[in-house]
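Single-letter residue listing:
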Amino acid sequence: MPGWVPFTGLTIGVLFLLLGLARLSQGVVTESPPELPAGDETAGQTTAVTDRPDEGSSATDGGAASEAVTAIERADGVESAPAPNGDEADEGTEPWEADPVEPPEQGEFTTGALLANVAFTQGLFGAAIAVGAWYYEIPAAALGIAAEPMQTGLLAVAIGVAFGVALWLANEATAAVADAVGAAYDESLREMLTPDTAGGWVLLLGVILPLIAVVEELIFRAALIGVPAAGFDISPWALAIFSSAMFAFGHGAQGRAGIVVTGGLGFVLAGGYILSGSLLVVVIAHYLVNALEFVVHEGLGTDRLFV
């Protein structure tokens, strides 16, 4: 007998781990150096202030402390402060200067490291769901992978291709509208994942993007919609709303507009899954949306199809 309850519990646990990791990854994408306070005109300068005693001379003004020596390193040159005691620096020696204050270095993430991280985490989450479905004897039909032409045959492939191209065009149109109203979503993550070698493109298009499509559709469509609908007789459309909201939050690195667009995309994918009953259809569609975005915008350098 299928273990509907424990499998659903496993799915929720994997979901929150995935969302937590996405939240942590968002900080990597949006991280930027600290800004100077408004009105501060010292940008590009490094200032150090050091008090040094007046060596070899008596204190003045009733034993007051010696003057502070300030060195300012400007972006277009260096102005060195006068030598201590106001005397000229000895010939052949450098005037005293304060050591410049270096800003802290921030961690750098290479494209290869990001792709490896995506492959590992997605593979781990996908394996957890797949093993759970096997262990708890979840019927293949509940996941949308039954041996039917509409679910796993050439018909499903053809529908998936047509569905994916249509979704990509709709996504491009939506992005153009968002740009027009000043609500463009952040594309930094896509740019960070873009390879700069032919081998990197093969890895991205042949391994990483297919893996993302399979795992995300397995979790957000099959496990969060198909299984609860079959096991608990819950409306799949109600589950589609919850699944799409979680799918949107998992893409927070694209900004608020990106969350809205991704949520809409997730709901349309959920609708395609419910109407076709096929996991393969939405996996192919999901893959094509991502692959076309990378190839058209990053590979070919095209900005927007609709302006």
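Rules of the game
- Residues numbered from 1 in each chain as written.
- Predicted model: local features only at pLDDT ≥ 70, side-chain atom pairs only at ≥ 80, totals over all residues.
- Heavy atoms only, no water.
- pLDDT = per-residue confidence, 0-100.
- Contact = heavy atoms within 4.5 Å.
- Axes fitted to C-alpha atoms, helices over the stretch in contact; angles between N-to-C directions.
- Helix = DSSP H or I, 4+ residues; strand = E, 2+ residues; numbered from the N terminus.
- Parallel < 35°, antiparallel > 145°, perpendicular 65-115°, else oblique.
- Left-handed = near helix turned anticlockwise from the far one by under 90°.
- Patch = residues over 30% accessible without salt bridge, like charges linked within 9 Å, V, L, I, M, F, W, Y side chains within 5 Å.
- Areas by Shrake-Rupley, 256 points an atom, 1.4 Å probe, with all protein chains shown as cover.
- Salt bridge = Lys/Arg side-chain N within 4 Å of Asp/Glu carboxyl O.
- Phe/Tyr/Trp six-rings, centres within 6.5 Å; stacked < 30°, edge-to-face > 60°.
- Buried < 20%, exposed > 50% of the residue type's maximum accessible area, 1.4 Å probe, protein only.
- Lys NZ or Arg CZ within 6 Å of the ring centre and 35° of its normal.

Draft legend 1. Geometry of the confidence of the model for the protein. Per-residue pLDDT for the protein averages 78, and the proportion of residues at 70 or more is 70%. Within the model, pLDDT remains below 50 along residues 86-90, and this stretch shows two contacts once partners closer than five positions in the same chain are excluded. Low pLDDT, under 50, characterises residues 101-107; the stretch is placed with six contacts to residues that sit more than four places away or in other chains.

Draft legend 2. View of the packing of helix 5 (residues 154-180) against helix 10 (residues 279-299). Contact pair helix 5 / helix 10: the axes reach a minimum separation of 7 Å and the direction vectors enclose 45°. With respect to their mutual orientation, helix 5 and helix 10 come out oblique. Judged by the sense of rotation from one axis to the other, the crossing of helix 5 with helix 10 is right-handed. Across the interface between the two elements, Ala 156, Val 157, Ile 159, Gly 160, Val 161, Phe 163, Gly 164, Val 165, Leu 167, Trp 168, Asn 171 and Glu 172 of helix 5 pack against Leu 280, Val 281, Val 282, Ile 284, Ala 285, Leu 288, Val 289, Leu 292, Glu 293, Val 296 and His 297 of helix 10.

Draft legend 3. Looking closely at a nonpolar patch on the surface. The grouping of Leu 154, Val 157, Val 161, Val 165, Leu 169, Leu 305 and Phe 306 at the surface amounts to a nonpolar patch, some 570 Å² of accessible area in total. If you trace the backbone, Leu 169 turns up in helix 5.

Draft legend 4. Inspection of the packing of aromatic side chains at higher detail. Evaluation of the coordinates by the stated rule reveals four aromatic pairs. Where Tyr 135 meets Tyr 136, the ring centres are 5.0 Å apart and the plane angle is 85°; that geometry is what we call edge-to-face. Summarising the aromatic geometry, the rings of Phe 220 and Phe 247 are spaced 5.2 Å apart at their centres and angled 75° between planes, so their arrangement reads as edge-to-face. Of this pair, Phe 220 sits in helix 7 (residues 198-232) while Phe 247 sits in helix 8 (residues 236-249), placing them 27 residues apart in sequence. The pair formed by Phe 220 and Phe 247 is uniform in burial state, with each residue classed as buried. One aromatic cluster is present, built from ring pairs that chain together Trp 134, Tyr 135 and Tyr 136. The ring of Phe 247 has Arg 221 lying over it, and the distance from NZ or CZ to the ring centre is 4.5 Å.

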